[in-house]
Amino acid sequence: MTKARRILVTSALPYINGVKHLGNLAGSMLPADVYSRMMRLMGHEVTYICATDEHGTPAELAAQAAGISVQEYCDEQYEIQRKAGEGFNLAFDWFGRTSRAANREATQHFAQALEANGLIEERTSKQVYSVDDGRFLPDRYVEGTCPTCGFEKARGDQCDNCGRLLDPVDLIDPYSSVSGSKNIEIRETNHLYLLQAKMQDRIREWVNSKGKNWPNLAVSIANKWLDEGLIDRAITRDLSWGIDVTDANGNPRPGFEDKVFYVWFDAPIGYISSTQEWAEATGGDWEALWRTDKGADETEYVQFMGKDNVAFHTVSFPVTMLGSNEPWKTVDKLKAFNWVTWYGGKFSTSNKRGVFMDQALSLLPADYWRWYLIANAPEGSDAAFTWEGFQSAVNSDLANVLGNFVNRITKYTASKFDGQLPGAGTPGDAEAWMVAELKERLPRLVEYYEAMEFRKAAAETRAIWAAGNEYLTKAEPWVKYKTDVDAAAVGVRTGLNLAALFGIIAQPIIPNAAAKILDALGIPEEHRNMPKDMSDAGIAALLDALPHGAPITPPDVLFQKIEDSQVEEWTEQFGGGDQA
Ligand SMILES: Nc1ncnc2c1ncn2[C@@H]1O[C@H](COP(=O)(O)OP(=O)(O)OP(=O)(O)O)[C@@H](O)[C@H]1O
Ligand SMILES: [Zn+2]
């Protein structure tokens, strides 16, 4: 017996400005959920934490555009995202918010610890100041002409045309995005700087030791940053929405009354503070997950994110944690994804390109999307979302391979065996073939999950379902029934047990449909875990696990096929073919 492991899972915190698109879902929360579910089914103790990332100028500007306060805006958007997550069956143990008190305290704590260790310093810097607005204009509060490409609507932090990261003072002809005023001055003011350069060697050493368990994509991104040399960064901004900058006594830090911590500093700390909220609400032990002096050295910490977040998780956040000189748990396994692309371009929240979580659920149930997005996870490279690909994954994998199998065998039991699992007959060659298949495939499925290879895990799941269909072709209970009812009974019994197994292994990816199957077969909750005994005898036992005589009710249609006319309609509605 292998020992149950304690696993902490986090997925990149979704930013608060609007409901997430299917790219966001596929590149962070969905695989984290699938992985958490599988680890739970294997008997491990999993805590999956996520939260909304709520600070920063995009939230402020969106609130302003909506004519409400930032707090109100974030409250609304949090609810929307929480509901969308629920709709997609994301089984977070806690879905927190970085704007809550726990994150304020944790962020202020880290800043104190870093400063005490000589890693934070007050420096004077030049900032864009709007005389008419009477305030500094950080990041997106200022727009102007890009010094690199001449684009006239570049934002203070980045040019959307050429992609270059900018400092607001670099903009040519800057104007305030609050008032449009061009009465702009460059003024000096103080900010806190995180002295990342001092941490270069420690982070390198840490990446070298931890990176062994990361995919190449993550290690190469971390090394690229380290090779370029870590630079000191301002971790405060001239804003009011955010976490207040305090002194050691918790009083406002002189000179920082109108400043807050920068969102990049406080967001990842949200993983810790959200775990604290979870512990507070449930009586869970957050320290066993986060403090290596309190048991977290025995916790496995797994992070999920899209590739643009890797640098923050392999360099910036580790600077905060290691620089505190406190015994914080750092990431063990890191899974980074490429992009899901939308018809030759990007999914985009600001341009409303692609399909968004709420819209998706209004078209079809969550399982359909979950299956397609996991089976086509952007792992080795970017993965294109196409309506045709979605249609074919649903129709062939879910409806034809899994749905038909379950339907056929349960309906046949209902019509020929009085809706009861038949106990007669003894297994023969066909059953031995099936045992051999499972003996090879089930351990491989588990390996793929352990390695967080989601495409392969989905493909193996499908291959196991397909082997079941092949088994029925070999066993042909419907033919045998005419001459030898007992021989037919073996095929039906094995088929029903296979249906149960197929439901069990389907649970991580398509939890609702899997529950329907397991309910139809009357499998109690405690028997829905992954099988552990992979010996010949153990696998043979799986094929005769359900009690003889157990009542079997065919489930309603598990999956509706997607019609060509629906694909046409959705292509039209979402502008699928449109390359603009
Ligand atoms: N097209 C995509 N495919 C895969 N992952 C993505 C995609 N777009 C964003 N992500 C990931 O989704 C997670 C949450 O992203 P976040 O809420 O910060 O939005 P974002 O990265 O600003 O994207 P967008 O502006 O397109 O919404 C991050 O880990 C990010 O890397
Ligand atoms: Zn530019």
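Residues numbered from 1 in each chain as written. Chains lettered and ligands numbered in written order. Predicted model: local features only at pLDDT ≥ 70, side-chain atom pairs only at ≥ 80, totals over all residues. Heavy atoms only, no water.

A. Layout of the domain arrangement of the protein chain. Taken domain by domain, the protein chain consists of domain 1 (6-108 + 265-384), domain 2 (119-237) and domain 3 (387-542). Centre-to-centre separation of domain 1 and domain 3, based on C-alpha positions: 33 Å. Between domain 1 and domain 3, roughly 3000 Å² of surface is buried when both sides are summed, and carbon and sulfur atoms account for 69% of that area. Of all residues in domain 1, the largest losses of buried area upon contact with domain 3 belong to M38, L41 and W371, amounting jointly to 28% of the total for that side. Between domain 1 and domain 3 we count zero salt bridges in total. The interface formed by domain 1 and domain 3 contains 13 residue pairs in polar contact (both at pLDDT 80 or more). (Domains from an automatic or database assignment. Buried area = accessible area lost by both parts, 1.4 Å probe. Salt bridge = Lys/Arg side-chain N within 4 Å of Asp/Glu carboxyl O. Polar contact = N/O pair within 3.5 Å; in protein donor to acceptor, adjacent residues only side chain to side chain.)

B. The environment of R40, seen in detail. Here R40 shows up in helix α1 (residues 22-41). For R40, a relative accessible area of 26% puts it in the partly exposed group. In the structure, R40 is positioned 35 residues away from R5 in sequence and 9.7 Å away in space, judged by C-alpha atoms. Ignoring anything within four residues of it in the chain, the contact list for R40 reads V46, Y48, A91, D93 and N529. (Helix = DSSP H or I, 4+ residues; strand = E, 2+ residues; numbered from the N terminus. Buried < 20%, exposed > 50% of the residue type's maximum accessible area, 1.4 Å probe, protein only. Contact = heavy atoms within 4.5 Å.)

C. Geometry of the packing of helix α5 (residues 200-210) against helix α6 (residues 216-228). At a closest axis distance of 11 Å, the pairing of α5 and α6 adopts a crossing angle of 155°. Relative to α6, α5 is oriented roughly antiparallel. Pair α5 / α6 crosses with left-handed handedness. Each of Q200, I203, R204 and V207 in α5 lies in contact with α6, whose residues at this interface are A222, N223, L226 and D227. When grouped by side-chain class, the residues that make up the contact of α5 with α6 number four nonpolar, two polar and two charged. (Axes fitted to C-alpha atoms, helices over the stretch in contact; angles between N-to-C directions. Parallel < 35°, antiparallel > 145°, perpendicular 65-115°, else oblique. Left-handed = near helix turned anticlockwise from the far one by under 90°. Nonpolar A, V, L, I, M, F, W, Y, C, P; charged D, E, K, R; others polar.)

D. Region of the structure containing the sheet that holds strand β13 (residues 299-306). Taken together, the five strands give an open sheet; going across it, the order is β3-β2-β1-β13-β14, and neighbouring strands pair in parallel fashion. On the outer flanks of this sheet lie β3 (94-97) and β14 (333-337), each paired with one strand and no other. In this sheet, adjacent strand axes meet at a mean angle of 20° when their direction is disregarded. Judged from the five bridges that link them, β13 and β14 form a sheet pairing that is parallel. (Pairing = 2+ DSSP bridges.)

E. Layout of the site of ligand 1. Around ligand 1, 18 residues are found, and the nearest of them are K20, H21, D308, N309 and T349. Within the side chain of D308, an N or O atom sits 2.4 Å from an oxygen atom of ligand 1. Burial of ligand 1 by the surrounding chains reaches 82%, relative to a free accessible area of 600 Å². Within the residue set of the shell around ligand 1, elements represented by two or more residues are α1 and β13. Counting residues per element, the shell around ligand 1 draws most heavily on α1, at four residues. Taken together, the residues that form the shell around ligand 1 break down as seven nonpolar, nine polar and two charged. (Near = heavy atom within 4 Å. Areas by Shrake-Rupley, 256 points an atom, 1.4 Å probe, with all protein chains shown as cover.)

F. Seen up close, the coordination of the zinc ion (ligand 2). Each protein donor to the zinc ion (ligand 2) is listed here as C146 (SG), C149 (SG), C159 (SG) and C162 (SG); together their distances run 2.3 Å. Coordination geometry of the zinc ion (ligand 2): the four donor atoms subtend angles of 107 to 115° at the metal centre, consistent with an arrangement described as tetrahedral. Of note, the donors binding the zinc ion (ligand 2) are all from one chain and are spaced C-x2-C-x9-C-x2-C. With a gap of 13 residues between them, C146 in the loop between β6 (142-145) and β7 (154-155) and C159 in the loop between β7 and β8 (172-176) connect regions that are remote in the sequence. Using a relative accessible area of 1% as the deciding quantity, one classes C159 as buried. (Donors = N, O, S within 2.8 Å, 3.2 Å for Na, K, Ca; no water. Tetrahedral: all angles 85-135°; square planar, octahedral: opposite > 155°, others 65-115°.)

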